[in-house]
Amino acid sequence: MKIVKSLLHDVKCIEMPRFEDRRGSFTKIFEAKHYADLGVALDIREMYYSVSARHVIRGMHFQVPPAEHSKYVFVLRGAVRDVVLDLRKGSPVYGKAADVVLSAGNRLALFIPPGFAHGFLSLEDHTVMQYAVSGEYDPAHDRGILWNSFGYDWGVDEPVISERDRGLHTFDKFESPFR
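One numbering rule holds for all chains: residues counted from 1, following each sequence as written. Whole-chain, interface and lining totals are the exception, using all residues; otherwise, since this is a predicted model, local features are given only for residues with pLDDT of at least 70 and side-chain atom pairs are given and counted only at 80 or more. Side-chain numbers here rest on the full set of heavy atoms in the structure, without hydrogens or water.

A.B. asks: Can you walk me through the packing of aromatic side chains in this structure?
C.D. replies: Between 30 and 60 degrees the pair is tilted, below 30 it is stacked and above 60 it is edge-to-face, where a pair is any two Phe, Tyr or Trp rings, Trp via its six-membered ring, whose centres lie within 6.5 Å. All chains considered together, the criterion is met by 12 aromatic pairs. Considering the side-chain rings of Tyr-48 and Tyr-131, the 5.5 Å spacing of their centres and the 45° angle between planes classify their relative orientation as tilted. Placement of the pair is Tyr-48 in strand S5 (residues 46–52) and Tyr-131 in strand S12 (residues 127–133), with a sequence separation of 83 residues. Under the relative-accessibility criterion, Tyr-131 is labelled buried at 11%. The helix and strand labels rest on DSSP assignments: H or I over at least four residues marks a helix, E over at least two residues marks a strand, and numbering proceeds from the N terminus. Only protein chains enter the accessibility calculation, which uses a 1.4 Å probe. A residue is then buried if its area is under 20% of the maximum for its type, exposed if over 50%, and partly exposed in between.

Here is the structure:
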């Protein structure tokens, strides 16, 4: 396991090791001690996955204090363009977005600390995205930013978006509690 690059200072892009032989492959997706040595501390409280068709956008989601949490995301099948948006008011890159392609083939994962909105565009049908989070889902603290309101070019003309995500607030109307 190694950090390939950092996005927006604190978001870590991690390459997960894969072992292959004649039977197939084996990928280690998480090891708490090794990740802590890399500066990635994640106490997993919930895990889930989504299955998405091509051109689905999910996001931009996060939880606000006191229910903020870190996320660890990776793709089990297919590919996504994963996007993070810095919501930390004191950050030199506040309001900036960054992306990376995560796929089953490239074995990259993202560690996203509190203070970032997260979303993705599915690049293939039947894409399976896995999420591990450090906090439990709290509907009272669940928030989001409208996918097309922060100047990011998703590269798709007619995305498939849920009703919930269509109704999120625009970035310019969001008052960030993150410092």
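A.B. asks: I keep staring at the layout of surface pockets and nothing clicks. Help me out?
C.D. replies: The space that makes up the largest pocket amounts to roughly 410 Å³. Cavity: a set of points on a 1 Å grid over the protein atoms alone where a 1.4 Å probe fits but cannot get out. Pocket: an open set with protein on both sides within 12 Å along at least five of seven lines, its lining residues, like those of a cavity, having an atom within 4 Å of a point. Every residue lining the largest pocket is counted, 24 residues in all, and those nearest its centre are Tyr-48, His-61, Lys-71, Tyr-131 and Arg-164. Elements with a contribution of two residues or more to the lining of the largest pocket: S5, strand S6 (57–63), strand S11 (116–122), S12 and helix H2 (163–166). Ranked by the residues each element gives to the lining of the largest pocket, the list is headed by S6, at five residues. A class-by-class count of the residues in the lining of the largest pocket yields 11 nonpolar, seven polar and six charged. Grid points are joined across faces, edges and corners, and a volume is the space filled by probe spheres set on the points. Note that Gly is not counted as nonpolar here; it falls among the polar residues with everything else outside the nonpolar set of Ala, Val, Leu, Ile, Met, Phe, Trp, Tyr, Cys and Pro and the charged set of Asp, Glu, Lys and Arg.

A.B. asks: Which parts of the structure should I look at to understand unusual backbone geometry?
C.D. replies: Across residues other than glycine, the phi torsion is negative in most instances, and most of the peptide bonds are trans. The peptide bond linking Gly-59 to Met-60 adopts the cis configuration, its omega dihedral lying at 10°. Take Met-60: it is sitting in strand S6. Cis geometry marks the peptide bond from Pro-65 to Pro-66, where omega comes out at 10°. Here Pro-66 lies in the loop between S6 and strand S7 (71–77). Positive phi is not limited to glycine here, since His-55 has a value of about 75°. Here His-55 is to be found in the loop between S5 and S6. You can call His-55 partly exposed: its relative accessible area is 27%. Its identity as a non-glycine residue notwithstanding, His-126 has a phi of 65°, on the positive side. Counting through the fold element by element, His-126 comes out in the loop between S11 and S12. We classify His-126 as exposed; its relative accessible area is 53%.

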